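# Architecture and fold: a report
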Amino acid sequence: MQQAIQKTIPSFTPPGLKAFIEEQQAQTNIRAKIIIDDIEKTLQMSIMDMLKSEFVENEQWWFDGIPKQIRTKVMQRYEDDNGQRGKKEYYLDLIDYRTIVQQHWGLFNKLFGYGKANLSKEKRTAWLNDVNDLRKIVAHGSSGRSVTVEQLALLEEYSQWLKTQIDKLDDDKDESTDLEDGG
């Protein structure tokens, strides 16, 4: 309540309000980081699995699935780090997934296209820009910026939507496996 009053009357600063606001901001950043990390891991796992299924031959998924400008950047990081993270796909940035999805739109549009199907791939993948912009806020705590409650709610919406999409994909895989097994 005091926070709402202060928004209307900036000079209203009762004892403890500043500390409360700072604590609330820190909590939104912590929660946002957890959600963003989960979204990124889900994207990595799903996209890599789909590329490896689509481009089965040897390591062809890497060359046919990952745009050259991203591969080049990733391989430089991989070399600089002596491959300590393990697989080269562990060196992708969150925003790289948007480029990969757009390049293989026919493969990914149903799974990662957010919004109405008749919108462009740029608009349907804009949610990845939103997530990446919020990642920048939580990754750079010293900037003094915090994720707002509204931004956190948007992240939660994206996360829930993505989980639903992945669940549908898993259900489709289970059904096709059952059909192949004669079930």
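Note: the structure precedes this text.
Only a predicted model underlies this, so the values are computations on that prediction, with no experimental measurement involved.

### Structural notes on the environment of Gln-165
One can find Gln-165 in helix H9 (residues 149-180). The residues contacting Gln-165, other than those within four sequence positions of it, are Lys-110 and Leu-111.

### Some words on the packing of aromatic side chains
Applying the stated criterion across every chain yields a total of 7 aromatic pairs. Ring geometry for Tyr-114 versus Trp-161: centroids 4.9 Å apart, planes at 90°, classification edge-to-face. Of the two residues, Tyr-114 sits in the loop between helix H6 (105-112) and helix H7 (121-124) while Trp-161 sits in helix H9, which places them 47 residues apart along the sequence. Here Tyr-114 falls in the partly exposed class, since its relative accessible area comes to 23%. Centroid distance Trp-127 to Trp-161: 5.2 Å. Interplanar angle 75°. Geometry classified as edge-to-face. Remark: Trp-161 occurs in helix H9 and Trp-127 occurs in helix H8 (residues 126-139); sequence separation between them is 34 residues.

### Some thoughts on a nonpolar patch on the surface
A surface patch of nonpolar side chains, about 330 Å² in accessible area, is lined by Met-1, Ile-5 and Ile-9. By the secondary structure assignment, Ile-5 is in helix H1 (residues 2-8). According to the relative accessible area criterion, Ile-5 is partly exposed, its value standing at 34%.

### Notes on the environment of Ile-100
Turning to its location among the elements, Ile-100 is positioned in helix H5 (residues 96-103). Sequence spacing of Ile-100 and Gly-65 is 35 residues, and the spatial spacing of their C-alpha atoms is 7.2 Å. Setting aside residues no more than four positions away along its own chain, Ile-100 makes contact with Ile-47, Leu-51, Gly-65, Ile-66, Pro-67, Ile-70, Leu-92 and Phe-108.

### What to know about the nonpolar core
Core analysis: the largest hydrophobic core is formed by 38 residues, its most contacted members being Ile-39, Leu-43, Ile-47, Leu-51, Ile-100, Phe-112 and Trp-127. Counting only elements with at least two residues in this core, the list comes to helix H2 (17-54), helix H3 (60-65), helix H4 (68-80), H5, H6, H8 and H9. Counting residues per element, this core draws most heavily on H2, at 9 residues.

### Side note on the pattern of salt bridges
Scanning all chains against the criterion turns up 8 salt bridges. A salt bridge links Glu-156 to Arg-31; the shortest N-O distance between them is 2.9 Å. In this pair, Glu-156 is assigned in helix H9 and Arg-31 in helix H2, connecting sequence segments 125 residues apart. Take Glu-156: its relative accessible area is 33%, and that puts it in the partly exposed class. Across the pair Asp-96 and Lys-73 runs a salt bridge whose closest N-O atoms are separated by 2.7 Å. With Asp-96 in helix H5 and Lys-73 in helix H4, the pair connects residues that are 23 residues apart, well separated along the chain. Each of Lys-73, Arg-77, Asp-93 and Asp-96 takes part in salt bridges that share partners, so that together they form one network.

The rules we used
- Residues numbered from 1 in each chain as written.
- Predicted model: local features only at pLDDT ≥ 70, side-chain atom pairs only at ≥ 80, totals over all residues.
- Heavy atoms only, no water.
- Helix = DSSP H or I, 4+ residues; strand = E, 2+ residues; numbered from the N terminus.
- Contact = heavy atoms within 4.5 Å.
- Phe/Tyr/Trp six-rings, centres within 6.5 Å; stacked < 30°, edge-to-face > 60°.
- Buried < 20%, exposed > 50% of the residue type's maximum accessible area, 1.4 Å probe, protein only.
- Patch = residues over 30% accessible without salt bridge, like charges linked within 9 Å, V, L, I, M, F, W, Y side chains within 5 Å.
- Areas by Shrake-Rupley, 256 points an atom, 1.4 Å probe, with all protein chains shown as cover.
- Salt bridge = Lys/Arg side-chain N within 4 Å of Asp/Glu carboxyl O.
- Core = buried A, V, L, I, M, F, W, Y, C linked by side-chain atoms within 4.5 Å.

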